[in-house]
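Structural features, examined
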Amino acid sequence: MKILTVVGARPQFIKASMLSKAIKAQSKIEEIMVHTGQHYDHNMSTIFFDQLKLTKPDYYLGIGSGSHGEQTAKMLFELEKIMLSVQPDIVIVYGDTNSTLAGSIAASKIHIPIAHVEAGLRSFNKKMPEEINRIITDHLSHLLFCPSKTAIHNLKQEGIDKEVYLTGDIMYDAVIHFKDPAIQQSTILNDLSLTAGNYFIATVHRAENSDEPERLKQILTAFQRLDKTIILPLHPRTKNKIQHFKLDHFITSSHIKTIDPVNYFDMLALVSQAKAILTDSGGLQKEAYMLRIPCITLREETEWIETVQTGWNHLAGYKTNQILDKVNHLKLPQYSPSIFGDGRTAHVIHNILLHSF
Ligand code: UD1
């Protein structure tokens, strides 16, 4: 059996690394990996392959950045050629990026079945490019691997109930597998002179926040007013926007430490020892929960509703006062059920793939 995996953005390298390991361990499936090149900076791409011991991609498309239409169209054009030549039994796509969308459209038009890892997530906000990518991908997929019960419910509401599996979240596999080595090997807390439990870590990269000067300004103002060190690994998109909107002076306070995007081990080390996380990333909201660190989400809604229901995640939106209010009222909930499975998601997905073809 031959599968073709499409990855392109940072979180997809983490997710794919776990399934690839499970596939290699049994060697019953041949995996061919395509990296679209959506993320191409060393610290957004290569370093993840090295650290996660992910085999070099068989094809690197080098698509790079562009408008949604341009980026997706270029991927589609290249992916179709590769799929026609490789003739895989199934194409695997992860999450909700433009690489996910291109992989699923290319495969569906030439009648190759699709497996979607992280199916069924919804924010119910179609202004998010990721929401459009998810809806289309789910409706084109033949195997739908859902991380949570909410995801299964969402698919049912849209009339999708065949070949839908509750597998748990593959990012949880990665957290369990890499947490201890990450904390042992990473020197980032020392390098940044941080004390465990005494700093915040923040990330902002969603188009809805980074492309809107007023939203970005309000978020950065909240960071400025925090009373503890705040580590801000800057996504290249946000770095460009801060310069473009002339907001640099909001991040010059001595308690705000802006750093380049960090590798996976450093991020796990930073998150697992932080006082709290402030983020608009989907992945970080989950990782915070998995590591039992409170999270304040800089959005009005979330796909990971269970993290909110259990009291670990708080939706603050972008307004300065609301963000500060959430920070000031942080409490550590007592209860943290295993909403993302048992860390054996890759194994479960591997078995379903084996028995599906
Ligand atoms: C993408 C995903 C988002 C995911 C994120 C993970 C889409 C629509 N969005 O967002 O869901 O959470 O990846 O990190 O697919 N850039 C660089 N170097 C890079 C990559 C990007 O400089 O290696 C800059 C470019 O200016 C680019 C901008 O970042 O235009 C945005 O990159 P893009 O890949 O389009 O989306 P992300 O914001 O990274």
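What counts and how
Residues numbered from 1 in each chain as written. Predicted model: local features only at pLDDT ≥ 70, side-chain atom pairs only at ≥ 80, totals over all residues. Heavy atoms only, no water. Buried < 20%, exposed > 50% of the residue type's maximum accessible area, 1.4 Å probe, protein only. Helix = DSSP H or I, 4+ residues; strand = E, 2+ residues; numbered from the N terminus. Pairing = 2+ DSSP bridges. Right-handed = clockwise from strand over helix to strand, strands pointing away. Core = buried A, V, L, I, M, F, W, Y, C linked by side-chain atoms within 4.5 Å. Domains from an automatic or database assignment. Contact = heavy atoms within 4.5 Å. Axes fitted to C-alpha atoms, helices over the stretch in contact; angles between N-to-C directions.

Before going further, it helps to spend a moment on the pairing of strand 1 (residues 2–7). When you tally the buried positions in strand 1, you get five out of six residues, the bulk of the element. Bridging between strand 1 and strand 2 (residues 30–35) involves six bridges; their strand directions are parallel. Opposite Leu 4, over in strand 2, you have Ile 32 as the bridge partner. Remark: the strand 1/helix 1 (residues 10–26)/strand 2 crossover connection has right-handed handedness. Relative to strand 4 (residues 90–94), strand 1 runs parallel, the two sharing four bridges. By the bridge assignment for strand 4, Leu 4 is matched with Val 91.

Grouped burial of nonpolar side chains is what soluble globular proteins tend to show. Counting 71 residues, the largest nonpolar core has Leu 19, Tyr 264, Leu 270, Ile 277 and Leu 353 as the members making the most contacts within it. Taken together, domain 1 (2–169 + 341–356) and domain 2 (177–328) each give at least three residues to this core, which thus spans both. Residue contacts for Leu 353: discarding those within four places in its chain leaves Met 1, Leu 19, Ile 29, Ile 90, Ile 92, Ala 115, Leu 143 and Phe 145. Counting residues in each nonpolar core, the second largest holds 26 residues, with Ala 202, Leu 232, Ile 256 and Leu 324 among its members.

Spatial ordering of the open sheet is given by 3-2-1-4-5-6-7, a layout of seven strands whose pairing is parallel. Edge positions in the sheet fall to strand 3 (59–60) and strand 7 (164–166), since each has one partner strand and no second. When strand 6 (residues 143–146) meets strand 7, the two strands line up parallel, connected through three bridges. Across the sheet, the residue bridging to Phe 145 is Tyr 165, located in strand 7. On the sheet, helix 3 (residues 68–86) packs against strand 1, strand 2, strand 3 and strand 4 and is oriented at approximately 165 degrees with respect to strand 1.

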